Amino acid sequence: YVLLGRDGRAADCPVACALVVESRWDSATEAREFARALPAYLVGGLGAEPRGPTTWKLDRGWIASSAAGESIRLGFAPSARLARLAAGGAGRGSG
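Overview of the structure. Not measured: the values here are computed from a predicted model.

What about the environment of arginine 60?
Within the secondary structure, arginine 60 is located in the loop between strand S3 (55–58) and strand S4 (61–68). Residues arginine 60 and alanine 77, spaced 17 residues apart in sequence, show a C-alpha to C-alpha distance of 9.1 Å.

Thoughts on the nonpolar core
With 10 residues, the main nonpolar core is built from Ala31, Leu38, Leu42, Ala48, Trp56, Leu58, Ile63, Ile72, Leu74 and Phe76. Elements supplying a minimum of two residues to this core: helix H2 (28–46), S3 and strand S5 (71–77).

With respect to the pairing of S5
Of all the 7 residues making up S5, 7 are buried; the element is thus mostly covered by neighbouring parts of the structure. Burial along S5 is two-sided: Ser71, Arg73, Gly75 and Ala77 facing one way and Ile72, Leu74 and Phe76 facing the other are all buried. In this sheet, S5 lies alongside strand S1 (residues 19–24) in antiparallel orientation, the contact comprising 6 bridges. Considered in S5, the bridge of valine 20 is made with glycine 75. For S4 and S5, the ladder comprises 7 bridges, and the chain directions are antiparallel. Paired with alanine 67 across the bridge in S5 is isoleucine 72.

Some details on the sheet that holds S5
Judged by pairing direction, the sheet is antiparallel, and its 5 strands sit side by side in the order S1-S5-S4-S3-S2 without closing on themselves. Of all strands in the sheet, those bounded by a partner on one side alone are S1 and strand S2 (49–50). Relative to S4, S3 runs antiparallel, the two sharing 4 bridges. In the sheet register, lysine 57 faces S4, and the bridge partner there is tryptophan 62.

Remarks on the pairing of S3
The two faces of a sheet get side chains in turn, since along a regular strand they alternate between them. By the bridge criterion, 2 bridges tie S2 to S3 in an arrangement that is antiparallel. What sits directly across from glutamate 49, in S3, is lysine 57. Joining the antiparallel neighbours S2 and S3 is a turn of 4 residues, in which glycine 52 adopts a positive phi near 130°. Joining the antiparallel neighbours S3 and S4 is a turn of 2 residues.

Looking at the pattern of salt bridges
What the rule picks out here adds up to 3 salt bridges. Residue arginine 51 is joined to glutamate 49 by a salt bridge in which the shortest nitrogen-to-oxygen separation is 2.6 Å. Here the salt bridges share partners, and the residues they tie into one network are Glu22, Arg24 and Arg73.

Structural notes on H2
With 19 residues, H2 extends 25 Å from end C-alpha to end C-alpha; this agrees with the ideal 27 Å at 1.5 Å per step. Maximal helix bending in H2 amounts to about 35°, located at alanine 37; proline proline 39 follows within four positions. Tucked inside the fold, the buried residues of H2 contact S3, S4 and S5. Phi for glycine 47, located one or two positions after H2, is positive at around 70°.

Criteria and cut-off values
- Residues numbered from 1 in each chain as written.
- Predicted model: local features only at pLDDT ≥ 70, side-chain atom pairs only at ≥ 80, totals over all residues.
- Heavy atoms only, no water.
- Helix = DSSP H or I, 4+ residues; strand = E, 2+ residues; numbered from the N terminus.
- Core = buried A, V, L, I, M, F, W, Y, C linked by side-chain atoms within 4.5 Å.
- Buried < 20%, exposed > 50% of the residue type's maximum accessible area, 1.4 Å probe, protein only.
- Pairing = 2+ DSSP bridges.
- Salt bridge = Lys/Arg side-chain N within 4 Å of Asp/Glu carboxyl O.
- Expected span 1.5 Å × (residues − 1).
- Bend = angle between axes of the 7 residues up to and from the residue.
- Contact = heavy atoms within 4.5 Å.

Laid out in structure tokens, this is it:
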């Protein structure tokens, strides 16, 4: 993905921004299945290193996750603390 800054140019996201991605599943069971598969994808697909049950280190940045009901939220950020803050509150999105 590419995240554009206010000037229309690609932002250096691992060091300059945070990104929140929230997915809503048809059921809490499907969300749990995704949450169980997520670590394998992050490690195998993105080369992330686990740093706890819901936090992973990337080459340039961090990912954290949270789950609530049918929702899974991922936070991508330059620090573990910001990634966890961004991932917090799954299920509170705007509709």
